[in-house]
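Chain and residue survey
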Amino acid sequence: MNKSERPRPTQIVSAPCTVCGSADIFDLITVGDMPVYCNLLWPSKEGALAAARGDISMGFCRHCSHIFNRAFDPGFLEYTQDYENSLHFSPRFQSYANRLARRLVEQYDLHGKDIVEIGSGQGDFLAMLCELGGNRGVGFDPSYVDEGAENGRPKSLGSISFVRDYYSEKYADYPADFICSRHVLEHIPQPAQFLNLLRRVVGQRQQIVLFFEVPNVLYTVRQLGIWDIIYEHPSYFSPSSLATAFEQSGFHVLETNETFGGQFLTAEGQATDDAPAPPRVENVNQLVQDVAVFARNYRNKVSFWQERLAQIARQGQRAVVWGAGSKGVTFMNTLKSQDVIEYAVDINPRKKGMFISGSGQEIVPPVFLQSYRPDFVILMNPNYEKEIGGKLEALGLAAEILKA
Ligand SMILES: [Zn+2]
């Protein structure tokens, strides 16, 4: 019997903070039975409905302001990165990454040095760092695909190699002047343990600079990004909790920055033998209020949509979700909407005919709506309201747009 066939209560566990170990945790929000890999699409409805699920129980640490999923099950760590972050293909993201690489090369005098990247993907960022400063690079990533001679770009430089594995202490011998990792730490169930491992690897090589980039939870909280909370992220860092994670693990923080329009958070540090600095209380206190507002708004927004979808069902009307990315998947799964919403629209032709993980809606192209004739189109990204309004008009549809 698979998990989707038996409803089960959300398991609330009283796990301590995964950054500082404090037991002073304030429970923010709970949502049960969410797909473990929300960006995996399924070729059949049965497969989608039977997808592995887990519970999300967000806790806020009153000591260091870290936000984390207390119900996260590390048994789901089998992490195939079929999952692609569409962000990485946007020109805005690319130009941001390029500016970031230039800043790091200049600020830390990365010329003729050894660079290690943990979670390097296909090595785009590592290649930038190596090209800009004539550096040597080693990228660690279990999902690395050797594209061989046709696209030998990183290898043709002769200065970059890849290890198709998770980074661990067995690679401590690799020379390093700079260790970087982008969008990895938020996926690690015990981030402090991981940083402790790095501290052991660094040992007395205190000149090594450590650089981490993660999503900024302040952005999610301020923008009320309630559909951004996904199972793949057991950790949500604020500047304070990222700095605490560094300090607690024996790294002195050189600087933290909010970047990419506030969506990301970066931190740089160096190993130290000094005792860790305590978290900055003023930052934690401000965030206590913000997250309380966020949690209240979250519950209000979920109740609003539960009621709205029930009303649509009662009136025999039809609604579709526009946008089958992680926000749309989270929306449909949070609201357990499968009885009301049958289809999700997406313009990406590769998603056509696939099914949403967990809630099982079929993904259809916009033209499908001409025969389905929905009464409502629920929009996951409000930035596209005008564009989608225009598309609906061109299709001869008078559906009302609702913004999620
Ligand atoms: Zn903490």
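Conventions used here
Residues numbered from 1 in each chain as written. Predicted model: local features only at pLDDT ≥ 70, side-chain atom pairs only at ≥ 80, totals over all residues. Helix = DSSP H or I, 4+ residues; strand = E, 2+ residues; numbered from the N terminus. Rg over C-alpha atoms; globule rule 2.2 N^0.38 Å. Buried ≥ 20, exposed ≤ 12 C-beta atoms within 10 Å, placed from the backbone. Contact = placed C-beta atoms within 7 Å. Pairing = 2+ DSSP bridges. pLDDT = per-residue confidence, 0-100. Axes fitted to C-alpha atoms, helices over the stretch in contact; angles between N-to-C directions. Parallel < 35°, antiparallel > 145°, perpendicular 65-115°, else oblique. Left-handed = near helix turned anticlockwise from the far one by under 90°. Nonpolar A, V, L, I, M, F, W, Y, C, P; charged D, E, K, R; others polar. Right-handed = clockwise from strand over helix to strand, strands pointing away. Core = buried A, V, L, I, M, F, W, Y, C linked by C-beta atoms within 7 Å. Expected span 1.5 Å × (residues − 1).

What follows covers the overall build of the protein chain. Of the regular secondary structure elements, the protein chain holds 11 helices and 18 strands. For 404 residues, the compact-globule estimate of 2.2 N^0.38 gives 22 Å, and the C-alpha radius of gyration of the protein chain, at 22 Å, lies within 12% of that figure. With the principal axes as the frame, the protein chain shows a C-alpha extent of 70 × 55 × 45 Å. Counting across all 404 residues of the protein chain, residues that qualify as buried make up 44%. In the protein chain, 67% of the contacts between residues at least 6 apart in sequence involve partners at least 24 apart.

As paired strands, strand β11 (residues 251-259) and strand β12 (residues 264-271) are joined by 8 bridges and run antiparallel to one another. When the sheet's bridge partners are listed, E258 is paired in β12 with L265. Following β11, the chain reverses through 4 residues before pairing antiparallel with β12; F260 in that reversal takes a positive phi of roughly 50°.

Now for the confidence of the model for the protein chain. For the protein chain, per-residue confidence averages 89 on the pLDDT scale, and 90% of positions sit at 70 or higher. Per-residue pLDDT, averaged within each element of the protein chain, yields its smallest value for helix α4 (residues 153-156) (45) and its largest for strand β16 (residues 362-364) (98). Within the model, the stretch residues 80-84 combines pLDDT values under 50 with 6 contacts to residues more than four positions away or in other chains. A low-confidence stretch, residues 152-156 stays under pLDDT 50, and its non-local contacts, those more than four residues away or across chains, total 5 contacts.

Turning our attention to unusual backbone geometry. In this structure, D109 takes a positive phi of about 45° despite not being glycine. Topologically, D109 is positioned in the loop between α2 (91-107) and β5 (114-118).

Moving on, we get to the sheet that holds strand β7 (residues 160-163). Pairing between sheet strands relies on hydrogen bonds along the backbone, with the strands arranged either parallel or antiparallel. If you trace the 7 strands from one edge of the open sheet to the other, you get β7-β6-β5-β8-β9-β12-β11, paired in mixed fashion. Edge positions in the sheet fall to β7 and β11, since each of these pairs with one other strand and no more. Adjacent strand axes in the sheet meet at a mean angle of 15° when their direction is disregarded. Inspection of the sheet shows β5 paired to strand β6 (residues 136-140) by 5 bridges, in the parallel sense. Bridge assignment links E117 to a residue of β6, and that residue is G139.

Strand order across the open sheet formed by 4 strands is β1-β3-β4-β10, with antiparallel pairing between neighbours. Both outer strands of the open sheet, β1 (25-35) and β10 (235-236), are each paired with one neighbouring strand and no more. In this sheet, strand β3 (residues 53-61) lies alongside β1 in antiparallel orientation, the contact comprising 8 bridges. Paired with P35 across the bridge in β3 is R53.

Here we take up helix α9 (residues 326-334). Within α9, 8 of the 9 residues are buried, which leaves it mostly tucked inside the rest of the structure. For α9, the complete set of buried residues consists of S326, G328, V329, T330, F331, M332, N333 and T334. In the segment just after α9, K336 is the residue with positive phi, at about 45°.

Further remarks concern the packing of α2 against helix α3 (residues 124-133). Two elements in contact, α2 and α3, have axes whose closest approach is 9 Å; the angle formed by their N-to-C orientations is 45°. Here α2 is positioned oblique relative to α3, judged by the angle of their axes. In terms of crossing hand, the pair formed by α2 and α3 is right-handed. Note on element contacts: α3 touches α2 through F125, M128, L129, L132 and G133, opposite A97, N98, A101, R102, L104 and V105. Residues that form the contact of α2 with α3 fall into these classes: 8 nonpolar, 2 polar and 1 charged.

Mapped onto the secondary structure, P374 falls in the loop between α10 (369-372) and β17 (376-379). When the C-alpha positions of P374 and V320 are compared, they lie 6.7 Å apart, and in sequence the two are 54 residues distant.

In terms of strand pairing, β17 meets strand β18 (residues 400-403) through 4 bridges, oriented parallel. Across the sheet, the residue bridging to F376 is E400, located in β18. Considered for its hand, the β-α-β crossover made up of β17, helix α11 (residues 385-394) and β18 is right-handed.

What follows is about the nonpolar core. One finds L129, F178, I179, V320, V321, W322 and A344 to be the most contacted residues of the largest nonpolar core, which totals 113 residues. Every residue in contact with V320, bar those within four places of it in the chain, is listed here: I341, Y343, A344, V345, L369, P374, V377 and I378.

Moving on to the environment of F331. Along the chain, F331 turns up in helix α9. Given 23 C-beta atoms within 10 Å, F331 falls into the buried group. F331 sits 155 residues away from A176 along the chain, and the two C-alpha atoms are 42 Å apart. Every residue in contact with F331, bar those within four places of it in the chain, is listed here: W227, V321, M380 and A404.

Across its 12 residues, helix α5 (residues 191-202) extends 17 Å between first and last C-alpha, which sits within 8% of the 16 Å expected from 1.5 Å per residue. Within α5 the residues assigned to the buried category are P191, A192, F194, L195, L198, V201 and V202. The inward-facing, buried residues of α5 contact β8 (178-182), β9 (209-215), β10, α7 (239-248), β11 and β12. Positioned one or two residues after α5, G203 has a phi angle of 55°, which is positive.

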